Amino acid sequence: MAHLICRNVSMSYEGRTVVDNLSLELPRGAYLCIIGENGTGKSTLVKGVLGLKQPSSGQILFGEGLLQRQIGYLPQQSTRHREFPASVREVVMSGFLNQHGYSPFYKKEEKVRAKEVLSMLGIGELEHRSIQALSGGQQQRVLLARALCAASSMLLLDEPTAGLDAEASQEMYELLERLHQEQKMTILMVTHHLAEVKKYATHILRLRGDGYFFGTVAEYEEEVGKNG
Amino acid sequence: MVEFIDALFSYAFLSRALAAGLLISLCAALLGVSMVLRRYSMIGDGLSHVGFGAVALAAAMNLAPLTVAIPVVLVAALLLLRFTGSGKLKGDAAIAMISSVALSIGVIIVAKADGVNIDLNSYLFGSILVISESDLWLSVILAAAVLVLFVGLYSRIFTITFDETFARATGVRTGAFNTLIAVLMAVTIVLGMRMMGSLLISAVIIFPTLSAMRLCRSFKGVTIAAALVAVLGFTIGLIISFVWGTPVGASIVVVNFAIFVITAIIGRIYPEKH
Ligand SMILES: Nc1ncnc2c1ncn2[C@@H]1O[C@H](COP(=O)(O)OP(=O)(O)O)[C@@H](O)[C@H]1O
Ligand SMILES: [Mg+2]
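Rules used throughout
- Residues numbered from 1 in each chain as written.
- Chains lettered and ligands numbered in written order.
- Predicted model: local features only at pLDDT ≥ 70, side-chain atom pairs only at ≥ 80, totals over all residues.
- Heavy atoms only, no water.
- Helix = DSSP H or I, 4+ residues; strand = E, 2+ residues; numbered from the N terminus.
- Rg over C-alpha atoms; globule rule 2.2 N^0.38 Å.
- Buried < 20%, exposed > 50% of the residue type's maximum accessible area, 1.4 Å probe, protein only.
- Contact = heavy atoms within 4.5 Å.
- Buried area = accessible area lost by both parts, 1.4 Å probe.
- Salt bridge = Lys/Arg side-chain N within 4 Å of Asp/Glu carboxyl O.
- Polar contact = N/O pair within 3.5 Å; in protein donor to acceptor, adjacent residues only side chain to side chain.
- Nonpolar A, V, L, I, M, F, W, Y, C, P; charged D, E, K, R; others polar.
- Pairing = 2+ DSSP bridges.
- Axes fitted to C-alpha atoms, helices over the stretch in contact; angles between N-to-C directions.
- Near = heavy atom within 4 Å.
- Areas by Shrake-Rupley, 256 points an atom, 1.4 Å probe, with all protein chains shown as cover.
- Donors = N, O, S within 2.8 Å, 3.2 Å for Na, K, Ca; no water.
- Core = buried A, V, L, I, M, F, W, Y, C linked by side-chain atoms within 4.5 Å.
- Left-handed = near helix turned anticlockwise from the far one by under 90°.

All right, on to the overall build of chain A then. When helices and strands are tallied, chain A shows seven helices and nine strands. The C-alpha atoms of chain A give 18 Å as radius of gyration, which agrees with the globular expectation for 228 residues (17 Å, within 12%). A principal-axis box enclosing the C-alpha atoms of chain A has dimensions of 50 × 40 × 35 Å. Taken across its 228 residues, chain A has 53% of its residues classed as buried.

On to the interface of chain A and chain B, then. Chain A puts 35 residues into the contact, and the matching count from chain B is 29 residues. If you sort the residues of chain A by the area they bury against chain B, A:F84, A:P85 and A:L97 come out on top, with a joint share of 23%. There are one salt bridge connecting chain A and chain B. With a shortest N-O distance of 3.0 Å, B:D163 and A:R146 are connected by a salt bridge. Where chain A meets chain B, there are eight residue pairs in polar contact (both at pLDDT 80 or more). Mapped onto the side of chain A that touches chain B, the elements with two or more residues apiece are strand 5 (71–74), helix 2 (88–93) and helix 4 (136–150) of chain A. Ranked by residues supplied to the side of chain A that touches chain B, first place goes to helix 4 of chain A with four residues. Across the side of chain A that touches chain B, the residue classes break down as 18 nonpolar, 11 polar and six charged.

The next subject is the environment of A:Q132. All names here are of chain A. Among the secondary structure elements, Q132 is positioned in the loop between helix 3 (108–120) and helix 4. The exposure class of Q132 is partly exposed, given its relative accessible area of 25%. A C-alpha to C-alpha distance of 39 Å links Q132 and L22, two positions 110 residues apart in sequence.

Residues and elements named next belong to chain A. Read from one edge of the open sheet, six strands run 5-6-7-3-8-9, paired in mixed fashion. The sheet terminates laterally at strand 5 and strand 9 (211–216), the two strands that pair on one side only. Averaged over all pairs of adjacent strands, the angle between their axes in this sheet comes to 10°, without regard to strand direction. Sheet analysis places strand 3 (residues 31–35) next to strand 7 (residues 186–190), joined by four bridges and oriented parallel. In the sheet register, L32 faces strand 7, and the bridge partner there is L188.

Glancing now at the site of ligand 1. Residues and elements named next belong to chain A. Around ligand 1 sit Y13, R16, V18, E37, N38, G39, T40, G41, K42, S43 and T44, and that is every residue in its neighbourhood. Within the backbone of G39, an N or O atom sits 2.8 Å from an oxygen atom of ligand 1. Separating an oxygen atom of ligand 1 from a side-chain N or O atom of S43 is a distance of 2.7 Å. For ligand 1, the accessible surface in isolation is 560 Å², of which the surrounding protein chains cover 62%. When contributions to the shell around ligand 1 are tallied by element, the ones reaching two or more residues are strand 2 (16–26) and helix 1 (42–50). At three residues, the largest contribution of residues to the shell around ligand 1 is made by helix 1.

Our focus in this paragraph is helix 8 (residues 154–162) of chain B. Across the nine residues that make up helix 8 of chain B, a large majority, eight, are buried. Taken residue by residue, helix 8 of chain B has B:S155, B:R156, B:I157, B:F158, B:T159, B:I160, B:T161 and B:F162 as its buried positions.

Below, the discussion takes up the coordination of the magnesium ion (ligand 2). Residues and elements named next belong to chain A. Binding of the magnesium ion (ligand 2) to the protein goes through S43 (OG) and Q76 (OE1), at separations of 2.0 to 2.3 Å. Pair noted here: S43 is in helix 1 and Q76 is in the loop between strand 5 and helix 2, with a separation of 33 residues, a long-range link. The exposure class assigned to Q76 is partly exposed, which follows from its relative accessible area of 36%.

What follows deals with the sheet that holds strand 2 of chain A. Residue and element names in this part refer to chain A. Read across the sheet, three strands follow the order 2-1-4 without closing on themselves; strand pairing throughout is antiparallel. Looking along the sheet, the strands with just one partner apiece sit at the ends: strand 2 and strand 4 (57–62). On average, each strand axis in the sheet is inclined to that of its neighbour by 25°, with strand direction left out of account. Here seven bridges tie strand 1 (residues 4–13) to strand 2, and the two strands are oriented antiparallel to one another.

In this section: the pattern of salt bridges. All names here are of chain A. All told, the structure shown has 10 salt bridges over all chains when counted by the stated rule. Its salt-bridge partner being E64, residue R28 comes within 3.3 Å of it at the nearest N-O pair. Taken together, the residues R28 in the loop between strand 2 and strand 3 and E64 in the loop between strand 4 and strand 5 connect sequence positions 36 residues apart. What makes R28 partly exposed here is its relative accessible area of 45%. Put simply, K115 and E127 hold a salt bridge, and the shortest N to O gap is 3.0 Å. In this pair, K115 sits in helix 3 while E127 sits in the loop between helix 3 and helix 4, placing the two residues 12 residues apart along the sequence.

We now examine the nonpolar core. Grouped together as the largest cluster of nonpolar side chains are 132 residues, with contacts concentrated most on A:Y31, A:L155, A:L176 and B:L47. Top element by residues in this core is helix 2 (residues 12–37) of chain B. It accounts for 14 residues. Contact partners of B:L47, with chain neighbours within four places excluded, come to B:V73, B:A76, B:A77, B:L80, B:M185 and B:I189. Among the nonpolar cores identified, the runner-up in size contains 29 residues, and A:L24, A:A30, A:I71 and A:Y73 belong to it.

Let us look at the packing of helix 2 of chain B against helix 12 (residues 219–244) of chain B. Residue and element names in this part refer to chain B. Interhelical geometry of helix 2 versus helix 12 gives an angle of 145° and a closest axis separation of 9 Å. Between helix 2 and helix 12 lies a crossing whose hand is right-handed. Only F219, V222, T223, A226, A227, A230, V231, F234, T235, L238 and F242 of helix 12 make contact with helix 2, whose side of the interface consists of L14, A17, L18, G21, L22, S25, L26, A29, L30, V33 and L37.

So, about the side chain of A:S169. Residue and element names in this part refer to chain A. By the element assignment, S169 lies in helix 5 (residues 166–182). Assessed through its relative accessible area of 7%, S169 is described here as buried. Those residues within four positions of S169 in sequence are excluded, and the remaining contacts are T161, L164 and H193.

Listed below in structure tokens is the structure:
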């Protein structure tokens, strides 16, 4: 049984098909990188997996007891939070809400964990700052911290390194690798960094206008070797 | 001031207006925080116009205003939240449309229906004289509900207000929450528009948050400051209205604007320290 199953999934906007008849099975603990040029439907597929957008046909299923509330999500960068009054701590803590049921208050362990995640991402000292006052890269890390707090078995990241400098982006890959290795987290990431994909990913999904490739990294190399 | 306190004890209508008004302002401000930050400010405006239409209709049909207005405004609130969410019809255009149509229907009913004897002015711009004993009790119940909601669901309110998409993506149910907000919003607007007027009630929803945002940079800070601003703005507005005989709703709006200007200046002088 796989952690995530897509069966003949198509997704469209007002009749225009963006993802066409895609099927894949992702085992638990996999590290999938989704690559492809802009506009090939990477973000759309991620939204499909999260249930934010319904497929126009086909099915997206969770397996092995995966629940929506065990998922963490980092949306593709937007400037939406520029004017929102919220402290970094408030934003990061909000990641825990999906594990709460009806209990209104955050637990002590969660407060401790939030601090840990922040310092792991190198922004521990920003805890009490307002999100408005941060740079794009700092905001991105705060949202990543929120995603990490929300994720207990799967993490979906849509271009997580956009807006980060080379060094920070490298740290991000190493951090994700640790989560993958140590916590057996299933990771789905949209990215453009082919070198890192080959180094860390277990599976690759490559979307193009006229089809897709899905397979392990070794299979991908073979495919690319064949077709150039 | 002394005059006002004297009057407060001698006129039942004035103490009722003060108590009900304070509670409604508090509710409007707290719900307003979430509405303004989600960029739904215009919904409050639209709903109050729908409320006016509904009250006019109730008067023409000889029904109690609240029993017609609350359900009508509630349905409108749910529809508007859905429109704005789905992006099918442009949200702000839909709101402008619904709101002007409802207002027009109300005005036509008031002008034309036989035997309707309602004071258009008081419905549009509010009146201090209209708060009844039952309005006061409704306000108490509403305020209790809103306060319990705010404390009990505080983290949920923040999470959904900050990023509803993230909340849904990570398995937080948002539908029930949005409905609850719509219900409380509808009741707040219908109760509040009696005193503040249907054209002015939305200001009480929006202004406190805008002022609070000049001073505070965290959600908790903004929420608390908005509640304080609302209480302050209402009290000063009511006193001015009483002492100078100015229309109550308009006085409250102008006071709120003055507070906004002051907070904007303070925000400029003392920008965030970090
Ligand atoms: N909300 C939307 N409405 C209509 N078309 C959209 C919407 N979002 C994306 N698209 C279109 O769908 C295609 C795929 O978009 P997207 O999934 O964001 O691509 P990617 O993430 O791979 O760059 C693009 O052509 C884009 O224009
Ligand atoms: Mg994208």
